[in-house]
Amino acid sequence: MVAYISMGEAHRRITEYLTRFSDAISSQDGKSLSRLLSVSSDSAVLLSLADALNTFQDANRVIRQSERFSQYGDILLHVFRALQSYRLKNLVESYMAFEKASNAIVQEFRNWETAWALEALYVIAYEIRILAERADMELASKGKTPEKLKGAGSFLMKVFGVLAGKGPKRVGALYVTCQLFKIYFKLGTVHLCRSVIRSIETARIFDFEEFPVRDKVTYMYYTGRLEVYNENFLAADHKLSYALTHCCTKKEANIRMILKYLVPVKLSIGIFPKTSLLEKFNLNEYKDVVLALKRGDLRLLRHALEEHEDRFLRSGVYLVLEKLELQVYQRLVKKIYIIQKERDLNRAHQIKLDVIVKALRWLDIDMDVDEVECIMAILIYKNLMKGYFAHKSKVVVLSKQDPFPKLNGKPVNA
Amino acid sequence: MANRSRQLYQPRRNNSSSSYSSYSDSTQSKIPKACNQNSNSSSIIYSNKTSSSSSKTGEFTSRIENSNHTDGDQDPPNLIGTCPFMCPVGERERRERLRDLAVFERLHGNPAKTSPALAVKKFSRTISSKDMKASDVRPVPVLEETLNYLLDLLHSSDHPFDVVHDFIFDRTRSIRQDLSMQNIVSDQVIRMYERMVKFHIISYHHLHRSSQTPNTASMSHLNLEQLMKALTTLFSLYEVNRASHSASPNEAEFFSLYLLLHLSPDNQVEPLSLWFRRIPSSVMESRAMSFARRILRYYRLGNYKRFISTTEEEASYLQYCIVEPYISEVRKLAVSCISYGGYKLQPYPVEHLSKILMMKESDVEAFSVDCALETSDDGTGKGLVSTKQAVINKTSKEHNKYYELDSSRIERLCAELPAL
């Protein structure tokens, strides 16, 4: 609902905004400028301005009234349009106008010598993404092809290009990168992250340590996730752990997000989280997985995967967790071994395949002796078990020394 | 015509389009790593409809990326073809003059004479939509008849397979080119793409089984490339169609085929974990996907026994075509494990191996030789000797002679060409 205001009042509000805008630039006040651009923030100032614009209708005239304002005409015209449309809930219009405004601002930004306006640039990057998301929702709801977010990605790549150079402005590049990551992850086009990652990590332009901590954490979180999807567990561990250790301890939601990916990674390299950690950060879906690994309980693992299948699929860790089955088998055989050792130390290292079949049947898992032999063969092959299996006697003979090598921070052999 | 074709909304790009420029190319959907993108022209956007009914949580799920139509330029999507023939008259006459007629197009074998019943429009790399005249583009009904004609050729045995394949390969690519230029989404178009994907899969199977010359290797590679493109476009069409609440009955099988094509991490350009996020739950819960997911699990865990037995028991013809190339690899893993972990003093019975690997015993022996493993005979039967040595290189594709799956069900499955 556009509130009713008088033309005079509308004019006043518009002029006030224009004054603040040009003052912010002339005094190089990045913070103030950024506040004037956060369209989606629903701030009182901007909402009341939007109402004024919708009332007054010819803000262009006001802009042209003074050289002070008209020098930024390109920017202001489109910002106004973006605000108006936003207020009237025309999100597609709003996005398109905001993109034009941002384009114009970035052109100016290039000419400003210092990095004073970085904060405003951050707001622009953020708003571009948010407005594009909303615009796409509007398009989708009307049965049209949503493509604004994709355009936002292209735009931000341009912005990235502007920041990728010498000079103080380049510390802003990581923030823009993270906005890009968020876009690519949302669109599912993560292969596009590659070129940006390459620019950040290998090109000589940037020194990673220069970037603000907050951005480094976000960056490592996203690149860590990519490593998880590509099953490079050591790299994933490194990056996600970095994010975890550098993440502000008060930001529990963020810690939870990092742990959501770090826990499966750690499990894949043989490291278990404490139950208290899982509980503290509400990651209870992993509890049964951990328990299954500790107990060698294959049924529990499969049950946990089934129960939380949607969630695991959505976050993309399902396949990682599924692969833990081999470690569960290892643990199961180890338990049998331990029990046998208590009964007869000398023959404990020989385990009849039938015993394993029976143990699995107790877990309601139906596996014939051929399949058990196959699993044993794989465990030995991948060095989860040391020993050999004798087909004719249907027995697996464990090595007397260290028959169940621990993973020790390395993933199972591929 | 009374079909439910629907033109897709294409927002007009206006002035400040510089921000759209160079990165739209890089958002084309990818093909397995081995194949190259061969186009600079950007693609027609089909998909990108969020279907909230199918998303798991109602949150904004990511979409299936549009297909890479190197086969056509993006742009005015409202072109509707009017060419009534399988081949536009101008092209037909030109190719007659130039004697550029495929074997199937020649009238009575004459390399300089064809007819409207025989000439089929060729795929053209250098087409741009701007130069395209409606009279050169075939409308959907004509395209469907063309496709019918082409796929019928698969049943003819007058020519060797690779000649037939080459012709259908090129001409169906041209069909896809015409379709993408017209940017139509309908059940009819979806059906056509499904059939074209099936063709590529059948070829995939044939080419994999044929002797591996450099020529067939490159045909395989190109075929796989087009298979992926057609499949990706098909997914985009499914997605748009889903938005209007009609799901194709065959969707699940085609999703399962995609999964089966990407079992190995080397083939994955987009990680499977991400791909899974975009699959509608109705597809996830289907029998076809359940099969494919189990095969994936067995592959990743190395459960060679179930990989082979489940394939034998449950694979549909198309699924089998795609799984077959993995079977050699899995068998290699099996004999590697047995060689590595088996009891040295007791060679592993070939008879039993033939059961688990579903091969004839003579094939087991030949296969072992291929893998540089020994068999020995101790009087009670042949056995695979365990050497405790690590392993045969899993990824060497050269010596991948395929030994048939010893199964009457599979034999029956592969005996006849399915209806296309």
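Residues numbered from 1 in each chain as written. Chains lettered and ligands numbered in written order. Predicted model: local features only at pLDDT ≥ 70, side-chain atom pairs only at ≥ 80, totals over all residues. Heavy atoms only, no water.

**Quick word on the overall build of chain B**
Inference 1: Secondary structure summary: chain B contains 14 helices and 5 strands in total.
Inference 2: By residue count, 56% of the 420 residues in chain B fall in the buried class.
Inference 3: Here the analysis covers contacts within chain B between residues at least 6 apart in sequence; of these, 75% occur between residues at least 24 apart.
Inference 4: Carbon and sulfur atoms make up 50% of the accessible area of chain B, which amounts to about 17600 Å² in all. (Helix = DSSP H or I, 4+ residues; strand = E, 2+ residues; numbered from the N terminus. Buried < 20%, exposed > 50% of the residue type's maximum accessible area, 1.4 Å probe, protein only. Contact = heavy atoms within 4.5 Å. Areas by Shrake-Rupley, 256 points an atom, 1.4 Å probe, with all protein chains shown as cover.)

**Some remarks on the overall build of chain A**
Inference 1: Counting secondary structure elements, chain A contains 22 helices and 3 strands.
Inference 2: Oriented by its inertia axes, the alpha-carbon framework of chain A measures out at about 100 × 45 × 35 Å.
Inference 3: Scored against the burial criterion, the 414 residues of chain A give a buried share of 56%.
Inference 4: Here the analysis covers contacts within chain A between residues at least 6 apart in sequence; of these, 63% occur between residues at least 24 apart.
Inference 5: Counting only carbon and sulfur atoms, one obtains 50% of the accessible surface of chain A, whose full area is about 18100 Å².
Inference 6: Here chain A carries 63 positive and 48 negative side-chain charges, and the mean point of each set is 3 Å from the other. (Lys, Arg positive; Asp, Glu negative; His and termini not counted. Charge placed at Lys NZ, Arg CZ, Asp CG, Glu CD.)

**Remarks on the state of the cysteines**
Residues and elements named next belong to chain B.
Inference 1: Evaluation of the coordinates by the stated rule reveals 0 disulfides over all chains.
Inference 2: The thiol of Cys87 is not disulfide-bonded; the next cysteine sulfur, from Cys83, is found 7.2 Å away.
Inference 3: By relative accessible area, Cys87 is classed as buried at 2%. (Disulfide = S-S within 2.5 Å.)

**Observations regarding the nonpolar core**
Inference 1: Judged by nonpolar contacts, the single largest core of 255 residues is most densely connected at Ile14(A), Tyr17(A), Phe21(A), Leu37(A), Trp275(B), Phe276(B) and Phe307(B).
Inference 2: Broken down by element, the residue count for this core peaks at 14 residues, all from helix α11 (residues 317-341) of chain B. (Core = buried A, V, L, I, M, F, W, Y, C linked by side-chain atoms within 4.5 Å.)

**Quick notes on the pairing of strand β2 (residues 387-390) of chain A**
Residues and elements named next belong to chain A.
Inference 1: Across 4 bridges, the pairing between β2 and strand β3 (residues 395-398) is antiparallel. When the sheet's bridge partners are listed, Gly387 is paired in β3 with Leu398.
Inference 2: Counting the residues between successive antiparallel strands, the hairpin from β2 to β3 contains 4 residues, one of them, Lys394, with a positive phi of roughly 50°. (Pairing = 2+ DSSP bridges.)

**Details of the UniProt feature "domain: PCI" (unreviewed entry) in chain A**
Inference 1: Per the UniProt annotation, the sites labelled "domain: PCI" (unreviewed entry) are residues 217-403 of chain A.
Inference 2: Taken end to end, residues 217-403 of chain A comprises 66% helix and 6% strand; its first and last C-alpha atoms sit 40 Å apart. (UniProt positions renumbered as here; feature names shortened; annotations may be inferred.)

**Remarks on the sheet that holds β2(A)**
All names here are of chain A.
Inference 1: Pairing in this open sheet of 3 strands is antiparallel, and the strands run β1-β3-β2 from one edge to the other. The sheet is open, and its two borders are formed by β1 (350-352) and β2, each paired with just one other strand. Mean inter-strand twist for the sheet, computed between neighbouring axes without regard to direction, equals 20°.
Inference 2: Across the sheet, helix α20 (residues 325-343) touches β1 and β3, and the angle it forms with β1 is around 115°.
Inference 3: Packed onto the sheet, helix α21 (residues 353-362) meets β1 and β3 and runs at close to 60° relative to β1. (Axes fitted to C-alpha atoms, helices over the stretch in contact; angles between N-to-C directions.)

**Some details on the sheet that holds strand β3 (residues 348-349) of chain B**
The pairing of strands in a sheet happens through backbone hydrogen bonds and is either parallel or antiparallel.
Residues and elements named next belong to chain B.
Inference 1: The antiparallel open sheet is built from 3 strands, whose spatial order is β3-β5-β4. Lying at the two open borders of the sheet, with one neighbouring strand each, are β3 and β4 (375-377).
Inference 2: With 3 bridges connecting them, β4 and strand β5 (residues 382-384) associate as antiparallel partners. Bridge pairing in β5 places Asp377 opposite Lys382.

**Some remarks on the packing of aromatic side chains**
Inference 1: For the structure shown, the criterion picks out 33 aromatic pairs over all chains.
Inference 2: Here the aromatic residues Phe160(A), Phe181(A), Phe185(A), Phe206(A), Phe208(A), Phe211(A), Tyr219(A), Tyr221(A), Tyr222(A), Tyr229(A), Tyr242(A) and Tyr261(A) are joined through ring pairs into a cluster of three or more.
Inference 3: Sitting above the plane of the Phe123(B) ring, Arg173(B) keeps its charged end 4.0 Å from the centroid.
Inference 4: Between the NZ or CZ atom of Arg293(B) and the centre of the ring of Phe276(B), over which it lies, the distance is 5.7 Å. (Phe/Tyr/Trp six-rings, centres within 6.5 Å; stacked < 30°, edge-to-face > 60°. Lys NZ or Arg CZ within 6 Å of the ring centre and 35° of its normal.)

**Quick look at helix α1 (residues 7-26) of chain A**
Residue and element names in this part refer to chain A.
Inference 1: With 20 residues, α1 should cover 28 Å at 1.5 Å per step; its first-to-last C-alpha distance of 28 Å lies within 8% of that length.
Inference 2: Residues Ala10, Arg13, Ile14, Tyr17, Leu18, Phe21, Ser22, Ala24 and Ile25 constitute the buried set of α1. Buried residues of α1, viewed axially, fall in a sector of 160°; they line one side.
Inference 3: As for α1, its buried residues are in contact with α2 (30-37), α3 (44-56), α4 (59-65), α5 (67-70) and α6 (73-87). (Expected span 1.5 Å × (residues − 1). Arc of directions from axis to C-beta.)

**Side note on α3(A)**
All names here are of chain A.
Inference 1: With 13 residues, α3 ought to run about 18 Å at 1.5 Å a step, and its terminal C-alpha atoms sit 18 Å apart, in line with that.
Inference 2: All of the buried residues along α3 are Leu46, Leu49, Ala50, Asp51, Ala52, Leu53, Asn54 and Phe56.
Inference 3: Where α3 is buried, its residues meet α1, α2, α4 and α6.
Inference 4: Phi for Gln57, located one or two positions after α3, is positive at around 70°.

**Things to note about the environment of Asp368(A)**
Inference 1: Inspection of the secondary structure assignment puts Asp368(A) in the loop between α21 and α22 (369-381).
Inference 2: Residues Asp368(A) and Phe211(A) lie 157 residues apart in sequence; the distance between their C-alpha atoms is 57 Å.
Inference 3: With sequence-adjacent residues up to four places away left out, Asp368(A) is seen in contact with Val357(A) and Lys305(B).
Inference 4: Among the polar contacts made by the side chain of Asp368(A), one reaches the main-chain amide nitrogen of Glu371(A) at a distance of 2.8 Å. (Polar contact = N/O pair within 3.5 Å; in protein donor to acceptor, adjacent residues only side chain to side chain.)

**As for the side chain of Arg138(B)**
Residues and elements named next belong to chain B.
Inference 1: Locating Arg138 in the fold gives a position in the loop between α1 (89-98) and α2 (140-152).
Inference 2: Overall, Arg138 belongs to the buried group, its relative accessible area being 0%.
Inference 3: At 2.8 Å, the side chain of Arg138 and the side chain of Ser174 are in polar contact.
Inference 4: With near-sequence residues (within four places) excluded, Arg138 lies in contact with Gly81, Cys83, Phe85, Met86, Val120, Lys121, Leu143, Thr146, Ser174, Ile175, Asp178 and Gln182.

**Examining unusual backbone geometry**
Inference 1: Residue Asn383(A) is not a glycine yet carries a positive backbone phi of 65°.
Inference 2: Looking at where Asn383(A) falls in the secondary structure, it is placed in the loop between α22 and β2.
Inference 3: Judged by relative accessible area, which is 35%, Asn383(A) ranks as partly exposed.
Inference 4: Despite not being glycine, Arg99(B) has its phi angle at roughly 55°, a positive value.

**Observations regarding the confidence of the model for chain B**
Inference 1: Of the residues in chain B, 78% have a pLDDT of 70 or more, and the chain-wide mean is 79.
Inference 2: Taken together, the chains of this predicted complex give a pTM of 0.84 and an interface ipTM of 0.88. (pLDDT = per-residue confidence, 0-100.)

**Brief notes about the pattern of salt bridges**
Inference 1: If you walk through the whole model with that rule in mind, you get 45 salt bridges over all chains.
Inference 2: A salt bridge links Arg170(A) to Glu210(A); the shortest N-O distance between them is 2.9 Å. Of the two residues, Arg170(A) is situated in the loop between α9 (148-163) and α10 (173-187) and Glu210(A) in the loop between α11 (193-201) and α12 (213-229); the sequence distance between them amounts to 40 residues.
Inference 3: The buried category is assigned to Arg170(A), whose relative accessible area is 18%.
Inference 4: On the accessibility criterion, Glu210(A) (35% relative accessible area) is partly exposed.
Inference 5: We note a salt bridge from Glu231(A) to Arg300(B), for which the minimum N-O separation is 3.1 Å. (Salt bridge = Lys/Arg side-chain N within 4 Å of Asp/Glu carboxyl O.)

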